[in-house]
Amino acid sequence: QHPPLGTYTVVSTYTPTLDDEIYVHPGDQVQVYTEYDDGWCLGSNLSRGNLRGVFPLHCIRPSSSPSLTSSS
C-alpha cells in the first residue's frame, strides 16, 4: 500500500459508469494514490465513506490552472 500523493478538493461531478469508478461531487475531499497517463487517477473519497476507485483527474484540478479550452 503506497502512501497517498495528496488530498484534493473535488471541483466537478463525476458519475461512475463502470464498477471500478467512484462518484465524486464538488466539495468532496479525495485522497489520490495513483495518477495514470490516460487522465484518470485512483483514490478514495473521504467525504463518502472512503469509497475507493478511479475517477477523472479533471475533477480535482485546481481552478487556478490554465484551461486547455481558453481562447488565445
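The paragraphs below set out a description of the structure included in this document. In this text the structure is predicted, and so the values were computed from the model without any measurement.

## A look at unusual backbone geometry
Move 1: Even without a glycine there, the phi angle at N50 is positive, about 60°.
Move 2: Checked against the element boundaries, N50 lands in the loop between β3 (40–45) and β4 (51–56).

## Digging into the nonpolar core
Move 1: Grouped together as the largest cluster of nonpolar side chains are 11 residues: V10, Y14, I22, V24, V30, V32, C41, F55, L57, C59 and I60.
Move 2: With residues up to four places along the chain from it excluded, the contact list for L57 reads E35, Y36, G39, W40 and C41.

## Concerning the pattern of salt bridges
Move 1: By the definition in use, this model includes 1 salt bridge.
Move 2: Across the pair R48 and D28 runs a salt bridge, and its minimum N-O distance is 2.7 Å. You can see R48 sitting in the loop between β3 and β4 and its partner D28 sitting in the loop between β1 (6–9) and β2 (29–35), a full 20 residues away along the chain.
Move 3: Classification of R48 by relative accessible area gives partly exposed; the value is 33%.
Move 4: Classification of D28 by relative accessible area gives buried; the value is 6%.

## So, the packing of aromatic side chains
Move 1: Scanning the entire structure with this criterion turns up 1 aromatic pair.
Move 2: Measuring from centroid to centroid gives 5.5 Å for Y14 and W40, while their planes differ by 90°, and the two rings are edge-to-face. Of this pair, Y14 sits in the loop between β1 and β2 while W40 sits in strand β3; the two residues are 26 residues apart in sequence, bridging distant segments of the chain.
Move 3: With relative accessibility at 14%, the residue Y14 sits in the buried group.
Move 4: Judged by relative accessible area, which is 25%, W40 ranks as partly exposed.
Move 5: Between the NZ or CZ atom of R52 and the centre of the ring of Y33, over which it lies, the distance is 4.3 Å.

Calculation criteria
- Residues numbered from 1 in each chain as written.
- Predicted model: local features only at pLDDT ≥ 70, side-chain atom pairs only at ≥ 80, totals over all residues.
- Heavy atoms only, no water.
- Helix = DSSP H or I, 4+ residues; strand = E, 2+ residues; numbered from the N terminus.
- Core = buried A, V, L, I, M, F, W, Y, C linked by side-chain atoms within 4.5 Å.
- Buried < 20%, exposed > 50% of the residue type's maximum accessible area, 1.4 Å probe, protein only.
- Contact = heavy atoms within 4.5 Å.
- Salt bridge = Lys/Arg side-chain N within 4 Å of Asp/Glu carboxyl O.
- Phe/Tyr/Trp six-rings, centres within 6.5 Å; stacked < 30°, edge-to-face > 60°.
- Lys NZ or Arg CZ within 6 Å of the ring centre and 35° of its normal.

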